[in-house]
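Here is what each chain is made of, one letter per residue.
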Amino acid sequence: MARGTLHAPKSEATRRRRNTPTHGETVLPDDDEVRGPELADLTAGREFRAETVAWFETWRRSPQAAVFIATDWLRLATLAPIVDAYWRRPSAAALSEIRMNEERLGATVVDRMRARMRVETDDEAAEDDLPAGVASLTERRAALRDRLA
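Here the structure is a predicted model, which means the values were calculated and not measured.

## Section: the overall build of the protein chain
Helix and strand content of the protein chain: seven helices and two strands. Listing every helix and strand of the protein chain by position from the N terminus yields β-α-α-α-α-α-β-α-α. In the protein chain, which comprises 149 residues, the proportion classed as buried is 23%. Long-range pairs, those at least 24 residues apart, make up 61% of the contacts in the protein chain with a sequence separation of at least 6. Summed over its atoms, the accessible surface of the protein chain is roughly 11,000 Å², and 53% of this surface lies on carbon and sulfur atoms.

Below is the structure:
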């Protein structure tokens, strides 16, 4: 049953709205690989606090970094002085600007859902390598769910 209702969810065939998404889902690898340029290379050697460098390095290791292009890295480099200033003297205005920019890069679960990004888990990666004749657990669950609906 659907949460908050007394009836089961409608099947895809009986739904009124069948709008297809304008773009597909992007699967992001969760491999902890370091990507992109170093902060010092983007900011002409400017010195930053350790917290700011750690923040930038976290972005470099994030699954989202796998799809970043030059403009995304420049956005982070432009944001770095604001992050640095926030660590020196926290303010609501700086935090708001940081949050807004990070949101656009897919910082939180909700941000990634809106952008149709999904971080691939180890279980999903393992299912891709199944031997012939072995059904995927995810596919089997979906088939059972469809049969029961």
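## What to know about the side chain of T43
Along the chain, T43 turns up in the loop between α1 (39–42) and α2 (50–61). A relative accessible area of 15% places T43 in the buried class. Reaching out from T43, the side chain makes a polar contact with the backbone oxygen of L39 at a distance of 2.8 Å.

## What about the pattern of salt bridges?
For the structure on display, the rule yields nine salt bridges. We note a salt bridge from E25 to R118, for which the minimum N-O separation is 3.0 Å. One end of the pair, E25, is in the segment before β1 (26–29); the other, R118, is in strand β2 (residues 117–120), with 93 residues separating them in the sequence. You can call E25 partly exposed: its relative accessible area is 44%. Of the charged contacts, one joins R61 and E57 as a salt bridge, the two residues approaching to 3.4 Å between their closest N and O atoms. Separated by four residues within a single helix, R61 and E57 lie in helix α2, roughly one turn from each other. Judged by relative accessible area, R61 falls into the partly exposed class, the value being 35%. Its relative accessible area of 21% is what places E57 among the partly exposed residues. Each member of the salt-bridge network shares a partner with another, and the members are D31, E33 and R35.

## Focus: helix α4 (residues 92–104)
Look at α4: 19 Å from first C-alpha to last across 13 residues, which is about the 18 Å you get at 1.5 Å a residue. Along α4, the positions that sit buried rather than exposed are A94, I98, N101 and E102. Burial along α4 is one-sided: seen end-on, the buried residues are contained in an arc of 100 degrees. In α4, the exposed positions angled more than 90 degrees off the buried face are occupied by A92, A93 and R104. Along its buried surface, α4 packs onto α2, α3 (70–88) and α5 (109–114). The first or second residue beyond α4 is G106, which carries a positive phi of 85 degrees.

Conventions and cut-offs
- All residue numbers here refer to positions counted from 1 along the written sequence of the relevant chain.
- This being a predicted model, a pLDDT of at least 70 is required before a residue's local features are given, and a value of 80 or more before pairs of side-chain atoms are given or counted; all residues contribute to the totals for chains, interfaces and linings.
- Just so you know, side-chain values use all the structure's heavy atoms and leave hydrogens and water out.
- Starting at the N terminus, helices and strands are each numbered in turn, a helix being any DSSP run of H or I of at least four residues and a strand any DSSP run of E of at least two.
- Relative accessibility decides the category of a residue: with a 1.4 Å probe and only protein chains considered, values under 20% of the type maximum give buried, values over 50% give exposed, and everything between is partly exposed.
- Contacts are assigned to residue pairs that have any heavy atoms within 4.5 Å of one another.
- In short, Shrake-Rupley with a 1.4 Å probe defines the accessible areas, and a residue's cover is counted only from the protein chains shown.
- Two N or O atoms form a polar contact when they lie within 3.5 Å of each other; inside protein one atom must be a possible hydrogen donor and the other a possible acceptor, and for residues adjacent in sequence the pair counts only when both atoms belong to side chains.
- For this document, the term salt bridge refers to a Lys or Arg side-chain nitrogen within 4 Å of an Asp or Glu carboxyl oxygen.
- Working rule for helices: expected span equals 1.5 Å times residues minus one.
- Think of it as the arc spanned by the lines of direction from the helix axis to the C-beta atoms.

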